[in-house]
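The residues making up each chain are set out below.
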Amino acid sequence: MSNTWWWLSIVLLILALMPGMSQQAALTESDYYTAGVVEFQQSILSLSSWSDSLAGYVEIINSENASATDIIVFPESTLNSAGSTTFVPNPEDQINPCLIDPNATLYEEFLVTLSCAARNASKYVVINLTEKQKCEDVPEDTRPCASNGLNVFNTNVVFDRQGVVVSRYRKVHLYGEAKNSTFLPELSTFETDFGVTFGHFICFDILFYTPAHQLIVEQGITDFVYPAMWFSQLPFLTAVQTQQGWAYANDVNLLASGASRPSIGNSGSGIYHGRSGPLISVMRQDSGQRAIYVAQVPKYTRTRSQPQRVRRSAAEIQSRQVASSSSFYMKRDYLENYESEVLQLDAGTSGAINRTICQGSFCCNFDLAWRSLGTSAENGSYYSYRLGAYDGWRNENNVDANYIRNCALFTCSGDSIDDCGKLLPTEGELQQSRVTFTRLEIAVIYPESREFLLFPDTLLDSLLPLEPSQFEWSQRKPTEDSYVQEVRFGLKESQEVSNLLTFAIYGNYYDNECTFGVGTAEEQLTCGYRSGSARLRILGGWLALPLIILAVARIG
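The rules behind these values
Residues numbered from 1 in each chain as written. Predicted model: local features only at pLDDT ≥ 70, side-chain atom pairs only at ≥ 80, totals over all residues. Heavy atoms only, no water. Helix = DSSP H or I, 4+ residues; strand = E, 2+ residues; numbered from the N terminus. Buried < 20%, exposed > 50% of the residue type's maximum accessible area, 1.4 Å probe, protein only. Contact = heavy atoms within 4.5 Å. Areas by Shrake-Rupley, 256 points an atom, 1.4 Å probe, with all protein chains shown as cover. Pairing = 2+ DSSP bridges. Axes fitted to C-alpha atoms, helices over the stretch in contact; angles between N-to-C directions. Core = buried A, V, L, I, M, F, W, Y, C linked by side-chain atoms within 4.5 Å. Domains from an automatic or database assignment. Phe/Tyr/Trp six-rings, centres within 6.5 Å; stacked < 30°, edge-to-face > 60°. Lys NZ or Arg CZ within 6 Å of the ring centre and 35° of its normal. pLDDT = per-residue confidence, 0-100. Expected span 1.5 Å × (residues − 1). Disulfide = S-S within 2.5 Å.

Would you take a moment to explain the overall build of the chain for this structure?
Counting its secondary structure elements, the chain contains eight helices and 26 strands. Among the 556 residues that make up the chain, the fraction classed as buried is 56%. Taking as baseline every contact in the chain between residues at least 6 positions apart, the subset at least 24 positions apart corresponds to 73%. Counting every atom, the chain has about 24,000 Å² of accessible surface; 50% of that belongs to carbon and sulfur.

Okay, structure coming up:
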């Protein structure tokens with residue numbers, strides 16, 4: 001009899017577990033998962049107290065709009081501050097703050113509350129917070145410690161559906177923040193019950209190899225969570241423009257969640273499906289918001305085959321708003337360092353130009369045609385355009401620098417280069433487009449490097465980029481054993497665009513180490529560039545002949 005009861009209990013246990021097991025199997029086998037990214041405005045009150053932000057977070061997690069989501073991502077630096085830091089459990093310990101610390105004696109109340117919110121809603125929840133850690137917990141770090149014995153980090157925390165802390169990532173590339181970096185950079189990932197492994201990084205990290213690009217190259221990660229408080233910069237690095245370009249170039253899924261305060265340059269959230277482009281994206285103007293944006297995200301297969309274009313519903317396609325200097329605060333790139341020239345657009349006439357612009361040995365070929373719109377409003381204003389090339393370090397003080405090689409068509413609000421990278425002050429219909437571009441094509445020979453990333457970089461006056469269906473991108477080595485890449489970037493033949501702010505190729509060379517053509521012959525050999533052939537041309541002019549060939553061949 002005892003054996004009978006034992007077997008019966010086993011059968012009943014299996015029957016009890018079957019619904020959960022079948023549900024998890026369905027999640028794993030599904031072709032997509034449902035994600036939500038949060039555009040979140042922190043109130044002025046929340047700058048000194050976390051209670052209002054916490055209430056906003058919990059409201060969004062429990063909202064009807066979030067009900068179908070498997071994973072929700074919140075932005076950077078919109079929860080707590082340096083005055084309310086919290087310890088964070090080590091993910092290896094699989095700690096559930098909601099269950100083990102209900103009275104918030106070990107961790108701050110907001111961490112416990114969000115653990116419970118994730119558990120109650122049965123969702124993966126990604127938050128960003130200001131973390132504290134005892135210096136003595138990292139004995140291998142011999143750097144000086146603060147007088148209170150604590151390190152302070154900008155940290156992502158991931159809760160699973162049970163509220164367990166399953167992952168933690170501390171920001172590597174701080175952006176003028178009075179916080180610590182880890183002794184060694186962290187590469188953080190987490191697995192989910194819907195069969196996707198995510199990597200994560202934070203805001204400014206996106207411009208560097210470690211950890212963002214490194215997770216793709218070394219671990220093959222195809223899906224990323226990305227909290228940000230991005231300060232947009234014209235003409236190349238506004239928030240959605242950068243997010244979409246990075247996801248496109250790497251052909252990965254990116255769940256980007258942005259802080260929302262346009263008056264200081266913060267906004268930009270989206271869900272991107274690699275070469276297919278945005279599933280949904282938003283760039284707020286005038287006022288910030290607290291809202292979740294949801295999309296079904298196709299999973300990548302192990303073969304990484306090109307996915308089908310995912311159509312967006314009409315509700316997800318937002319009305320166009322023209323940006324002005326009063327609707328969004330913009331930082332500006334150091335465009336005076338570019339080799340540039342004005343694109344002459346004579347009033348009332350159409351035209352075309354084929355021009356090569358070089359800075360040193362780095363050259364960009366531009367093939368453009370435009371049609372005059374011939375309309376102007378009284379008291380209206382319009383942008384002028386410049387063509388530019390740049391080969392050098394990004395000039396931004398007191399932050400980590402990356403080396404870039406850019407080719408660009410960009411707008412100016414006046415005649416001087418100092419007027420470039422600025423929004424017009426006039427709003428709405430008072431902003432006039434003088435021309436519509438009927439052909440846009442940039443051709444470049446880029447040197448290979450140990451670590452580099454090239455991506456299409458566009459921006460419309462709505463502060464959103466062109467979608468991949470509107471352009472063509474080609475990047476290839478001319479021969480198997482060459483050390484350069486031919487890149488062509490152009491509008492599709494059927495496309496015309498009149499409200500363009502930027503059309504560029506952004507070449508991010510990170511630290512510029514082991515770049516072909518840079519350094520002595522001995523250094524080039526050490527980097528693996530073989531000698532004894534025409535491939536190893538180090539001094540000026542190494543781009544000239546290939547660029548002439550590229551200029552002749554149009555994108556077909």
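Teacher, can you tell me more about the sheet that holds strand β1 (residues 32–40) here?
The strands that make up a sheet pair up through hydrogen bonds in the backbone, lying either parallel or antiparallel. Read from one edge of the open sheet, six strands run β5-β4-β3-β2-β1-β13, paired in mixed fashion. Lying at the two open borders of the sheet, with one neighbouring strand each, are β5 (165–170) and β13 (290–298). Averaged over all pairs of adjacent strands, the angle between their axes in this sheet comes to 30 degrees, without regard to strand direction. The pairing of β1 with β13 spans nine bridges and is classified as antiparallel. Counted as the bridge partner of Val37 is Tyr293 from β13.

Help me out: how do you make sense of the nonpolar core in this one?
In a soluble, globular protein the nonpolar side chains are often hidden away together inside. In this structure, Phe201, Phe224, Phe236, Trp246, Leu254, Leu423 and Leu463 are the most contacted members of the largest nonpolar core, which totals 55 residues. Of all the secondary structure elements, the ones that give two or more residues to this core are α5 (209–219), β8 (223–228), α6 (239–250), β10 (253–258), β20 (403–412), β23 (453–460) and β26 (500–508). The element that contributes the greatest number of residues to this core is α6, accounting for five residues. Residue-level mapping places this core at the junction of two domains, with at least three residues from each of domain 1 (32–298) and domain 2 (331–519). Discounting chain neighbours no more than four positions away, the residues touching Leu254 are Phe201, Phe224, Tyr226, Gln243, Trp246, Ala247, Gly270, Ile271 and Tyr272. Cys364, Tyr446, Phe452 and Ile505 belong to the second-largest nonpolar core, a separate cluster that totals 36 residues.

So what exactly am I meant to see when it comes to the packing of aromatic side chains here?
Going through the model one piece at a time under the given rule, you end up with 34 aromatic pairs. Seen in terms of ring centroids, Tyr175 and Phe204 are 4.9 Å apart; in terms of plane orientation they differ by 70 degrees. Their pairing is edge-to-face. Taken together, the residues span a long stretch of sequence, with Tyr175 in the loop between β5 and β6 (189–191) and Phe204 in the loop between β7 (197–200) and α5 at a distance of 29 residues. When its relative accessible area of 22% is taken as the criterion, Tyr175 is described as partly exposed. Pairwise contacts between aromatic rings join Phe236, Tyr338, Tyr390, Phe410, Phe455 and Tyr506 into one cluster. The side chain of Arg275 reaches across the aromatic face of Tyr248, ending 4.3 Å from its centre.

When you look at the confidence of the model for the chain in this model, what are you seeing that I'm missing?
Fine structural detail should not be taken from predicted coordinates in areas where pLDDT scores are low. Per-residue pLDDT for the chain has a mean of 89; in total, 85% of the residues score no lower than 70. Scored below 50 in pLDDT, residues 303–317 shows 26 contacts in the model against residues more than four places distant or in partner chains. Across residues 532–542 the pLDDT falls below 50, and counting only partners more than four positions away or on other chains, this stretch makes 25 contacts in the model.

Before we go on, may I ask you to explain the environment of Arg355 in this structure?
Within the secondary structure, Arg355 sits in strand β16 (residues 351–359). Counting along the chain gives twelve residues from Arg355 to Asp367, while the straight-line C-alpha distance between them is 6.6 Å. Excluding its chain neighbours within four sequence positions, the residues that come into contact with Arg355 are Glu341, Cys364, Asn365, Phe366 and Leu387.

What am I meant to see in α6 here?
For an α-helix, the turn length of 3.6 residues means that residues three or four places apart are oriented alike. Its twelve residues give α6 an end-to-end C-alpha distance of 17 Å, which sits within 8% of 16 Å, the value for a rise of 1.5 Å per residue. The element α6 is largely enclosed, with a buried count of twelve among its twelve residues. Once α6 finishes, Asp251 follows within two positions and takes phi at roughly 50 degrees, a positive value.

Explain the pairing of β10 here, please?
For a regular strand, side chains alternate in direction, first toward one face of the sheet and then toward the other. When you tally the buried positions in β10, you get six out of six residues, the bulk of the element. The two faces of β10 match: Asn253, Leu255 and Ser257 on one face and Leu254, Ala256 and Gly258 on the other face are all buried. Examined bridge by bridge, β8 and β10 share six bridges and lie parallel to one another. Its bridge partner being in β10, Val225 is matched across the sheet by Leu255.

Sorry, what's going on with the sheet that holds β16 here?
Spatial ordering of the open sheet is given by β16-β17-β22-β25-β24, a layout of five strands whose pairing is antiparallel. Looking at which strands have only one partner, the edges of the open sheet turn out to be β16 and β24 (471–476). Going across the sheet, the axis of each strand differs from the next one's by a mean of 10 degrees, ignoring polarity. The pairing of strand β17 (residues 362–372) with strand β22 (residues 435–447) spans nine bridges and is antiparallel. In the strand pairing of β22, Asp367 is matched with Glu441.

How should the state of the cysteines be read in this particular structure?
Each disulfide consists of a covalent bond between the sulfur atoms of two cysteine residues. Taken as a whole and assessed by the stated rule, the structure comprises six disulfides. At a sulfur-sulfur separation of 2.0 Å, the disulfide partner of Cys358 is Cys363. The S-S bond linking Cys358 to Cys363 shows a torsion near 110 degrees; that makes this disulfide right-handed. Look at Cys363 and you get buried, because its relative accessible area is 9%. The side chain of Cys412 participates in a disulfide bridge whose partner is Cys420; the two sulfur atoms lie 1.9 Å from each other. Its S-S torsion of about 80 degrees marks the bond between Cys412 and Cys420 as right-handed, since a negative value means left-handed. For Cys412, a relative accessible area of 1% puts it in the buried group. Residue classification places Cys420 among the buried residues on the basis of a relative accessible area of 0%. With its bonded cysteines labelled in order along the sequence, the chain shows the pairing 1-2, 3-4, 5-6, 7-8, 9-10, 11-12.

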